[in-house]
Amino acid sequence: MKKIPIRNKSKDNPYTLKFNDVKNTYVVEFKDNKNILHNIEISDKVYEAFNQFELDDVSQIHKYQRHIEHSEIYEETLNSRAIRKELSVYEIVENKIISEILKEAIDMLPEIQKRRIIKYFFMDKTYEQIASEEKCTKIAVKYSIDRALEKIAQNFKF
């Protein structure tokens, strides 16, 4: 008698095939509806039938896994795989409104604060770089930007 190969099988498969080395026989192991484990000796022919069922089961699982991607290609699935996810209409409108409020808030700032905010956030300059360009201290630039952010934040309180 040959040993039983170890296979991945369906979680819905209620039985396990085993080989009893002591008796040199095949065994089907399963739990009944009361969760009691049973071991039943089976003949070679019955083993071959069960073995074929398992092979067919594994084959179906593999087919399903290989083709699942083709059956699930919906816009939502493709969008979830995208590197740069597409925004919903709601998100686009919301971003547009926030951008307009932010632009208006920056436009209302005093000229020095507006200039420093733009350099710091949109031109990615450091406090030191802005200070050297404007011939002032780093602390003055930081204070100016912090005050500007406080004023901008007031526009976003609804």
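Treat the numbers as computed from the prediction; the structure is a model and nothing was measured. Residue indices follow the written sequence of each chain, beginning from 1 at its first position. In keeping with the predicted nature of the model, local features appear solely for residues at pLDDT of at least 70, side-chain atom pairs appear and are counted solely at 80 or more, and the whole-chain, interface and lining totals rest on all residues. Heavy atoms throughout the structure, all of them, feed into the side-chain values; hydrogens and water do not.

Student: Got a minute to help me understand the nonpolar core in this structure?
Tutor: One broad rule of soluble globular proteins: the nonpolar side chains tend to lie buried together. With eleven residues, the main nonpolar core is built from Ala105, Ile106, Leu109, Ile117, Tyr127, Ile130, Ala131, Val141, Ile145, Ala148 and Ile152. Strands here mean DSSP runs of E at least two residues long; helices mean DSSP runs of H or I at least four residues long; both are numbered from the N terminus. Considering every element that reaches this core, the biggest residue donor is helix α6 (residues 138-155), with four residues. Residue contacts follow a heavy-atom distance rule, with two residues in contact if any of their heavy atoms lie within 4.5 Å. Those residues within four positions of leucine 109 in sequence are excluded, and the remaining contacts are Lys114, Ile117, Ala148, Lys151 and Ile152. Residue types Ala, Val, Leu, Ile, Met, Phe, Trp, Tyr and Cys, when buried and joined through side-chain atoms within 4.5 Å, form a set referred to as a nonpolar core. Each residue is placed in one exposure class: buried if its accessible area under a 1.4 Å probe, protein chains only, is under 20% of its type's maximum, exposed if it is over 50%, and partly exposed if it falls in between. Residues Tyr15, Phe19, Tyr26 and Ile42 belong to the second largest nonpolar core, which totals seven residues.

Student: Help me understand unusual backbone geometry, please; the structure alone is not making it clear to me.
Tutor: With glycine set apart, most residues show a phi of negative sign, and most peptide bonds adopt trans. Backbone geometry at asparagine 24 places phi at a positive 60 degrees, although glycine is not the residue there. With respect to the element layout, asparagine 24 can be found in the loop between β1 (15-20) and β2 (25-31). Here asparagine 24 falls in the partly exposed class, since its relative accessible area comes to 42%. Positive phi values are uncommon outside glycine, yet asparagine 35 reaches one of about 65 degrees. Residue position: asparagine 35 is located in the loop between β2 and β3 (37-42).

Student: What is the right way to read the sheet that holds β3 from this model?
Tutor: Strand pairing in a sheet relies on backbone hydrogen bonds. The paired strands run either parallel or antiparallel. The strand order across the open sheet formed by three strands is β1-β2-β3, and the pairing between neighbours is antiparallel. In this open sheet, the two strands that pair with only one neighbour each are β1 and β3. Adjacent strand axes in the sheet meet at a mean angle of 30 degrees when their direction is disregarded. At least two bridges found by DSSP between two strands are what make those strands a pair. In the sheet, β2 pairs with β3 via six bridges, with the strands oriented antiparallel. Its bridge partner being in β3, tyrosine 26 is matched across the sheet by isoleucine 42. Fitted lines through C-alpha atoms serve as axes, helices being fitted only where they are in contact, and the angles separating the N-to-C directions of these axes extend from 0 to 180 degrees.

Student: Can you walk me through the packing of aromatic side chains in this structure?
Tutor: Both the distance between ring centres and the angle between the ring planes are used here to describe each pair of aromatic rings. Each Phe, Tyr or Trp ring (for Trp, its six-membered ring) is paired with any other whose centre lies within 6.5 Å, and the angle between the two planes then decides the class: stacked below 30 degrees, edge-to-face above 60, tilted in between. Overall, the coordinates contain three aromatic pairs when judged by the stated rule. With a centroid separation of 3.9 Å and an interplanar angle of 5 degrees, the aromatic rings of tyrosine 26 and tyrosine 47 are classed as stacked. Here tyrosine 47 lies in helix α1 (residues 44-71) and tyrosine 26 lies in strand β2, a separation of 21 residues in the sequence. Since its relative accessible area comes to 2%, tyrosine 26 is described here as buried. By relative accessible area, tyrosine 47 is classed as buried at 2%. With a centroid separation of 4.9 Å and an interplanar angle of 90 degrees, the aromatic rings of tyrosine 120 and phenylalanine 121 are classed as edge-to-face. The class for tyrosine 120 is partly exposed, based on a relative accessible area of 26%. Residue phenylalanine 121 is classed as partly exposed on the basis of its relative accessible area, which comes to 40%. Among the aromatic side chains, those forming a connected cluster through ring pairs are Tyr120, Phe121 and Tyr127.

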